Structures are given as structure tokens and as C-alpha cells.
Amino acid sequence: MTGNLYRGQAGLPFSSTLRVYEPLSAFPLEQRPAIQSAGARTASRAAVENAELLASLGRITRTGGDPFPTGRTDTVRVTTAPAAPRTGEPSGAAAAPEDAAGPALLYCPSQLVLRAGLAANALMEGIHGPLAELLIPEQQRDRHQERIDQVKARDGSIRVHTRASTWGIPFSWFSLFSESDHKDVVESAGRILTVRVWAPITEALERARYAVANLTLAAPDLDMLDDLAQLTEWLELFHVGSMVELDYGAVADKVYPDDSPMDIRLGIECLAEGDMTGAAAAYRRLASRWIPIRQLARAS
């Protein structure tokens with residue numbers, strides 16, 4: 001089973017992620033050796049995804065009732081990108097070998113301890129809070145808070161590099177990408193395992209700001225506007241030489257080829273021009289594609 005878990009995620013929720021990969025020079029000096037070392041140990045992307053799935057299932061069945069990650073097995077995803085301009089370099093940061101001319105290595109640490117804490121807090125504050133309190137005892141939450149405090153004390157100010165979504169991709173995420181962006185389609189045995197779309201962070205930010213500016217004027221009550229504003233603030237935390245990755249996950253097999261980035265762009269352009277018919281048509285295309293996916297979350 002361990003070798004094929006990533007290829008056969010039957011029964012698991014569809015999970016999609018938005019990740020930011022930064023150059024080594026964007027990380028504090030004391031973190032760089034660990035980031036670089038973990039990145040050097042990184043195997044194929046399939047192996048990384050498989051290892052994280054196995055680790056998550058292992059935590060659920062762990063004796064003692066603690067479902068939280070300890071951080072001892074955190075992974076670091078690595079990719080390459082053309083060398084970015086040196087403008088925007090964090091104050092006092094020393095140049096790293098990867099920042100030399102030519103392809104640069106970019107890193108995305110998994111940060112499971114922090115992300116698990118954020119996810120648990122969101123669950124506690126949601127409508128399923130009383131159930132979550134039963135599933136995650138207070139003692140385990142307190143123990144995990146100690147881990148979070150240790151990470152913050154060790155690393156100082158922390159940028160969380162990954163956002164995750166289950167049972168569908170938030171429409172606001174698509175505004176960061178264009179139909180012309182680079183895509184990796186990962187297939188096996190006749191089905192799509194995932195699709196990954198890449199954009200330089202400068203372009204993703206420009207698109208997000210364009211969307212926020214136009215929606216503020218044309219549709220200030222739209223829920224997506226708040227999501228976009230939060231996305232923009234999040235992306236502004238990262239190095240200008242970063243890359244943004246949208247990883248569809250297993251939901252790609254249900255929706256790809258996917259025109260959602262184009263539909264979001266056309267919908268915003270139509271709203272800006274006062275073309276309500278065009279905007280409604282773009283939304284209908286999005287809804288027909290993604291509402292059936294979201295309904296799977298309530299299927300028995």
C-alpha cells in the first residue's frame with residue numbers, strides 16, 4: 001500500500017494547496033542550513049506527497065490520541081526558477097549560492113506544526129467546534145500549543161508558506177493565475193493525479209491587486225473580495241523572487257482541462273465594464289464545474 005497511496009487516494013477528501021516557494025536568501029540565516037539540508041534530501045514529488053499522506057494517516061491512528069504532527073518529519077519541497085532580480089532582498093541577508101545567475105533553487109517548507117495549529121483553531125471556532133473538542137482533547141491541544149511556542153521561539157517571525165482547501169479550490173485562488181502560465185500535468189495509469197500551475201509572485205500579486213481594485217468598485221459586497229484582500233496581504237510577506245504554485249491534487253481528475261483562471265479573469269473584466277450578462281455567464285461556468293465537487297463533501 002505504501003508505494004501506491006499517492007496514486008490511489010480513494011476515500012480521502014480532495015485536497016488542494018496554494019504554496020509559495022522562496023529563494024534560500026529569504027529565510028533567516030539560522031534556518032538556511034536546515035532548509036537546504038532537507039531540500040537536498042527531497043526525492044520525487046510523488047515520494048514527498050506519498051510520505052505526507054502516510055504520515056497524516058499514521059497520526060490519526062497513533063496510540064495516545066495525539067493527532068498533531070511533531071515536526072520531526074517535516075518535508076521541504078524544492079523547485080527551480082530563473083534567477084530573480086536582487087531587489088527586495090531582506091535587510092542584512094547574505095547572498096546564497098542558489099541566487100547566482102542562472103536557475104535558482106526555491107524552497108517551500110511544509111511547516112506542519114504551525115499549519116496543524118491553525119487548522120485546529122479554525123475547526124474549534126467553526127460550527128463543528130463542540131464535536132472537535134471531543135475529537136481533539138484539550139490536553140492534546142495544550143501539548144501542541146507548546147510545540148507551536150517552541151517553533152516561534154526558535155524561528156521568530158514566521159511566514160506560513162502553504163494554504164490548503166478541501167473539496168474544491170477557492171475561486172479567489174484562480175485570480176492569481178493565467179491560462180498561459182506553466183502547468184505540470186501528472187498522470188498515471190490513465191488518470192490525472194494532479195495538475196500544478198506556476199506563476200512568479202510578482203505577476204500573481206499584480207493580478208490579485210487588479211482583481212481587488214475592480215471588485216471594490218464593481219462588486220464591493222462580493223465574498224471573494226475579502227478572500228482576495230487576504231491573499232494579497234499574504235503574498236506581500238514573501239520575497240519578490242518567489243514562485244506561487246497551485247496544486248490541484250486529486251480533484252484534477254474531475255475537472256481538468258480547467259478554464260477557471262480564464263473564467264475568473266473574464267468575470268472580473270465584465271464586472272469592471274458593467275457587463276452583468278457576461279459576468280453571470282462566467283459564474284455559471286465556474287458553478288457548473290465546482291459546485292458538484294463541493295457537494296461531494298456532504299455525500300454519504
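Just so you know, these numbers come straight off a predicted model, no measurement behind them.

(A) Seen up close, the packing of helix α10 (residues 260–272) against helix α11 (residues 276–295). Running from amino to carboxyl end, α10 crosses α11 at an angle of 155°, the nearest separation of the two axes being 8 Å. One way to sum up the angle between α10 and α11 is to call them roughly antiparallel. In the packing of α10 onto α11, the handedness of the crossing is left-handed. Each of Ser260, Asp263, Ile264, Leu266, Gly267, Cys270 and Leu271 in α10 lies in contact with α11, whose residues at this interface are Met276, Gly278, Ala279, Ala282, Arg285, Leu286, Arg289 and Trp290.

(B) Seen up close, α10. Taking 1.5 Å per residue, 13 residues should reach 18 Å; α10 reaches 18 Å between its end C-alpha atoms and fits that length. Among the residues of α10, Ser260, Pro261, Asp263, Ile264, Gly267, Ile268, Cys270 and Leu271 are the ones counted as buried. Buried residues along α10 sit against α6 (171–174), α7 (201–218), α8 (223–235) and α11. In the segment just after α10, glycine 274 is the residue with positive phi, at about 80°.

(C) Representation of the nonpolar core in the model. If you look at the biggest cluster of nonpolar residues, it comprises 42 residues, and the most contacted ones within it are Leu18, Leu235, Leu246, Tyr248 and Trp290. If sequence neighbours within four positions are ignored, leucine 246 has contacts with Thr17, Leu18, Ile169, Trp173, Phe174, Phe177, Val195, Arg196 and Val197.

(D) Just the pairing of strand β5 (residues 183–188), in detail. With six bridges joining them, β5 and strand β6 (residues 191–200) adopt antiparallel strand pairing. Across the sheet, the residue bridging to aspartate 184 is arginine 196, located in β6. Counting the residues in the hairpin turn of β5 and β6 gives two residues, including alanine 189, whose phi is positive at 50°.

(E) Looking closely at the side chain of serine 172. The topology assignment puts serine 172 in helix α6. Leave out the neighbours within four places in its chain, and serine 172 touches Met224, Asp227, Leu228 and Leu231.

(F) Representation of the confidence of the model for the protein. Residues with a pLDDT of 70 or more make up 70% of the protein, whose mean pLDDT is 82. Low pLDDT (under 50) marks residues 83–101, which in the prediction has 32 contacts with non-local residues, meaning those over four places away or in another chain.

(G) The pattern of salt bridges, seen in detail. All chains considered together, the criterion is met by 16 salt bridges. Linking arginine 19 and aspartate 247 is a salt bridge whose minimum nitrogen-to-oxygen distance equals 3.0 Å. With arginine 19 in strand β1 (residues 15–23) and aspartate 247 in strand β7 (residues 243–247), the pair connects residues that are 228 residues apart, well separated along the chain. For the pair arginine 19 and aspartate 247, one class covers both residues: buried.

Here is what the cut-offs are and how they apply
- Residues numbered from 1 in each chain as written.
- Predicted model: local features only at pLDDT ≥ 70, side-chain atom pairs only at ≥ 80, totals over all residues.
- Heavy atoms only, no water.
- Axes fitted to C-alpha atoms, helices over the stretch in contact; angles between N-to-C directions.
- Helix = DSSP H or I, 4+ residues; strand = E, 2+ residues; numbered from the N terminus.
- Parallel < 35°, antiparallel > 145°, perpendicular 65-115°, else oblique.
- Left-handed = near helix turned anticlockwise from the far one by under 90°.
- Contact = heavy atoms within 4.5 Å.
- Expected span 1.5 Å × (residues − 1).
- Buried < 20%, exposed > 50% of the residue type's maximum accessible area, 1.4 Å probe, protein only.
- Core = buried A, V, L, I, M, F, W, Y, C linked by side-chain atoms within 4.5 Å.
- Pairing = 2+ DSSP bridges.
- pLDDT = per-residue confidence, 0-100.
- Salt bridge = Lys/Arg side-chain N within 4 Å of Asp/Glu carboxyl O.

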